[in-house]
Amino acid sequence: MDSKVSYPPVEAPGAVAPAVELHGVTRVYGARGAAVRALDGVDISFPVGSWTAVMGPSGSGKSTLLHCAAGLERVTAGRVRVAGRDITDASDAELTRLRRTVMGFVFQSFNLIGSLTAEQNVAMPLRLAGRRPPRQVVRDVLAAVDLADRARHRPAELSGGQQQRVAIARAMVTRPAVLFADEPTGALDTRSARTVLSMLRAMVDTSGQTIVMVTHDPAAAASADRVVFLGDGRLVDRLDRPSTRQVADRLARWEE
Ligand code: ADP
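Structure report, in brief. (Residues numbered from 1 in each chain as written. Predicted model: local features only at pLDDT ≥ 70, side-chain atom pairs only at ≥ 80, totals over all residues. Heavy atoms only, no water.)

**Details of unusual backbone geometry**
For step 1, the next point in the chain: Backbone geometry at phenylalanine 110 places phi at a positive 65 degrees, although glycine is not the residue there.
For step 2, the next point in the chain: Of note, phenylalanine 110 is situated in the loop between strand S6 (103-107) and helix H3 (118-128).
For step 3, the next point in the chain: Residue class for phenylalanine 110 comes out buried when judged on its relative accessible area of 12%.
For step 4, the next point in the chain: Here the phi dihedral of aspartate 146 falls at roughly 65 degrees; this positive angle occurs in a residue that is not glycine. (Helix = DSSP H or I, 4+ residues; strand = E, 2+ residues; numbered from the N terminus. Buried < 20%, exposed > 50% of the residue type's maximum accessible area, 1.4 Å probe, protein only.)

**Considerations on the packing of helix H5 (residues 160-172) against helix H6 (residues 190-207)**
For step 1, the next point in the chain: It is the contact of H5 with H6, at a shortest axis distance of 9 Å, that shows an interaxial angle of 15 degrees. In this view, H5 runs roughly parallel relative to H6, as classed from their interaxial angle. As H5 packs across H6, the resulting crossing turns out to be right-handed. In this structure, H5 uses Gly161, Gln164, Arg165, Ile168 and Met172 to contact H6, whose residues at the interface are Ser192, Thr195, Val196, Met199, Leu200 and Met203.
For step 2, the next point in the chain: For the contact of H5 with H6, the class distribution of residues is 6 nonpolar, 4 polar and 1 charged. (Axes fitted to C-alpha atoms, helices over the stretch in contact; angles between N-to-C directions. Parallel < 35°, antiparallel > 145°, perpendicular 65-115°, else oblique. Left-handed = near helix turned anticlockwise from the far one by under 90°. Contact = heavy atoms within 4.5 Å. Nonpolar A, V, L, I, M, F, W, Y, C, P; charged D, E, K, R; others polar.)

**Structural notes on the nonpolar core**
For step 1, the next point in the chain: Counting residues in each nonpolar core, the largest one holds 43 residues, and the members touching the most others are Trp51, Val122, Ile168 and Leu200.
For step 2, the next point in the chain: In terms of residue count, the dominant contributor to this core is H6 (7 residues).
For step 3, the next point in the chain: If we skip the residues at most four places from it in the chain, isoleucine 168 touches Val106, Val145, Val196, Leu200 and Met203.
For step 4, the next point in the chain: Residues Val20, Leu22, Leu39 and Leu66 belong to the second largest nonpolar core, which totals 30 residues. (Core = buried A, V, L, I, M, F, W, Y, C linked by side-chain atoms within 4.5 Å.)

**Looking at H3**
The periodicity of an α-helix, 3.6 residues per turn, causes residues three or four positions apart to be oriented the same way.
For step 1, the next point in the chain: The complete set of buried residues in H3 reads Ala118, Glu119, Asn121, Val122, Ala123, Pro125 and Leu126.
For step 2, the next point in the chain: If you follow the buried residues of H3, they end up packed against helix H4 (135-144) and H5.
For step 3, the next point in the chain: After H3 finishes, the residue glycine 130 shows a positive phi value of roughly 80 degrees.

Here you go:
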């Protein structure tokens, strides 16, 4: 056989495009003398069915990374792909549609609508997407976060941990490919945080969903599959399947 013959690379069986990809993403705020380079040429991909925690000191670009990845903010340079679509130049209408269909969001402050019951809050993304929310789907999602018996309660009648579980149910109801979470356990006590983290873990392990999560909490980060660290808008380190202790030690080195 002619040894000079080259064969095209064979894709690994089952290989799929990452759920989210950032290529050379730079985000500059302000202009000229006052310009701040919040992200500086970031390349990262988030594989389907993986959970990544993004950590780093305050001002290192974590929120900007999350917002650019979710199309909540435009990039100054570079490209962003989500669920196989290049969203870099997508119109606002297209971005809104994608945020309502392939993306879910969970924030530190829950962001539930106070006048609506838990089940009405959970049904909201389906209504916004113009779909009639099937009652059983809403009930199933509430049951998945162990709140079947709180469906008729309003947020003020629920604990912080329960409110965050309603927010997770709301994010799950459209079965989004990617869940973007910003400090999801930031306002919770240790026990509620642990419950929320195990529910996020189940989303990844049983439904193959992808989570991109900004956090300051080493225990939350240790629930993820990997932790990436930002410094001055650049990726500076990464830990795979770390323990809480390893994450805390890495953060402590920053403060030295
Ligand atoms: P982190 O989430 O890690 O605290 P951010 O992404 O919020 O960091 O911010 C990164 C940098 O960008 C900081 O220097 C911050 O002051 C700056 N920044 C963020 N948002 C804006 C904005 N809207 N206008 C100007 N500067 C901003």
